[in-house]
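In case you want the letters, here they are:
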Amino acid sequence: MDSLGFDKKHIMDENHDVNLKSARQYIKNAKISVTKVIEGEEFENYYGDKGATYVNITKNLIRTSFPKKEFNPGTDRILDTVNKHLKEKE
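What counts, and where the lines are drawn
- Residues numbered from 1 in each chain as written.
- Predicted model: local features only at pLDDT ≥ 70, side-chain atom pairs only at ≥ 80, totals over all residues.
- Heavy atoms only, no water.
- Helix = DSSP H or I, 4+ residues; strand = E, 2+ residues; numbered from the N terminus.
- Rg over C-alpha atoms; globule rule 2.2 N^0.38 Å.
- Buried < 20%, exposed > 50% of the residue type's maximum accessible area, 1.4 Å probe, protein only.
- Contact = heavy atoms within 4.5 Å.
- Areas by Shrake-Rupley, 256 points an atom, 1.4 Å probe, with all protein chains shown as cover.
- Lys, Arg positive; Asp, Glu negative; His and termini not counted.
- Charge placed at Lys NZ, Arg CZ, Asp CG, Glu CD.
- Core = buried A, V, L, I, M, F, W, Y, C linked by side-chain atoms within 4.5 Å.
- Expected span 1.5 Å × (residues − 1).
- Arc of directions from axis to C-beta.
- Pairing = 2+ DSSP bridges.
- Axes fitted to C-alpha atoms, helices over the stretch in contact; angles between N-to-C directions.

A. View of the overall build of the chain. Scanning the chain from N- to C-terminus turns up three helices and five strands. Since a compact globule built from 90 residues should have a radius of gyration of about 12 Å, the 13 Å found for the chain is in line with a globular shape. Dimensions of the chain along its principal axes, counting C-alpha atoms only, are 40 × 25 × 25 Å. Counting over 90 residues, the chain shows a buried share of 34%. Within the chain, contacts between residues separated by at least 24 positions form 40% of all contacts whose residues are at least 6 apart in sequence. Carbon and sulfur atoms form 49% of the exposed surface of the chain, whose accessible area is close to 6000 Å². Where the 16 positive side-chain charges of the chain centre and where its 15 negative ones centre are 4 Å apart.

B. Expanded view of the nonpolar core. Among the nonpolar cores identified, the biggest contains nine residues, and these are Leu 4, Ile 11, Val 18, Ala 23, Tyr 26, Ile 27, Tyr 46, Val 55 and Ile 62. At three residues, the largest contribution of residues to this core is made by helix α2 (residues 20-28). In this structure, Val 18 is in contact with Phe 6, Ile 11, Met 12, Ala 23, Tyr 26, Ser 65, Phe 66 and Pro 67, ignoring residues within four places of it in sequence. Ranked by size, the runner-up nonpolar core spans six residues in total, among them Tyr 47, Tyr 54, Phe 71 and Leu 79.

C. Geometry of helix α3 (residues 73-88). Taking 1.5 Å of rise per residue, the 16 residues of α3 would be expected to cover 22 Å, and the 23 Å separating its terminal C-alpha atoms lies within 8% of that figure. Thr 75, Leu 79, Val 82 and Asn 83 are the residues of α3 that are buried. Angular distribution of buried residues about the axis of α3 spans 100 degrees; they occupy a single face of the element. Away from the buried face of α3 by more than 90 degrees, exposed residues Pro 73, Arg 77, Asp 80, Lys 84 and Glu 88 are located.

D. Inspection of the environment of His 85 at higher detail. Mapped onto the secondary structure, His 85 falls in helix α3. Sequence separation between His 85 and Gly 40 is 45 residues, and the spatial gap between their C-alpha atoms is 34 Å.

E. Spatial organisation of the sheet that holds strand β4 (residues 51-56). Read across the open sheet, the five strands follow the order β1-β5-β4-β3-β2; overall the sheet is mixed. Here the strands that pair on one side only, and so sit at the sheet edges, are β1 (5-6) and β2 (32-38). Alignment of β2 against strand β3 (residues 41-47), held across seven bridges, turns out to be antiparallel. Within the sheet, the bridge partner assigned to Val 37 lies in β3 and is Glu 42. Strands in contact with α2 are β1, β3, β4 and β5 (61-67); relative to β5, the strand with the most contacts, it is inclined by about 85 degrees.

None of the figures reported here should be taken as evidence of function without further support.
Okay, structure coming up:
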């Protein structure tokens, strides 16, 4: 994770108030991740209780990152479900 680049321009252009430290923390604390391929490039999107970070695996670059307050309702519901099932296993 230390070798990941950080697309600060894209993150600032999108008005996401996140720095590299926060982006890495979102990855470390992720509850789920989703793999997708866009235009031949592989991405891993990490989601946790405090925020999300999208990594371009092909380029070894944090493409974007944002805090939980920017989650859409669907993302909130998915994480609520994940958290519910994790608590049931405890």
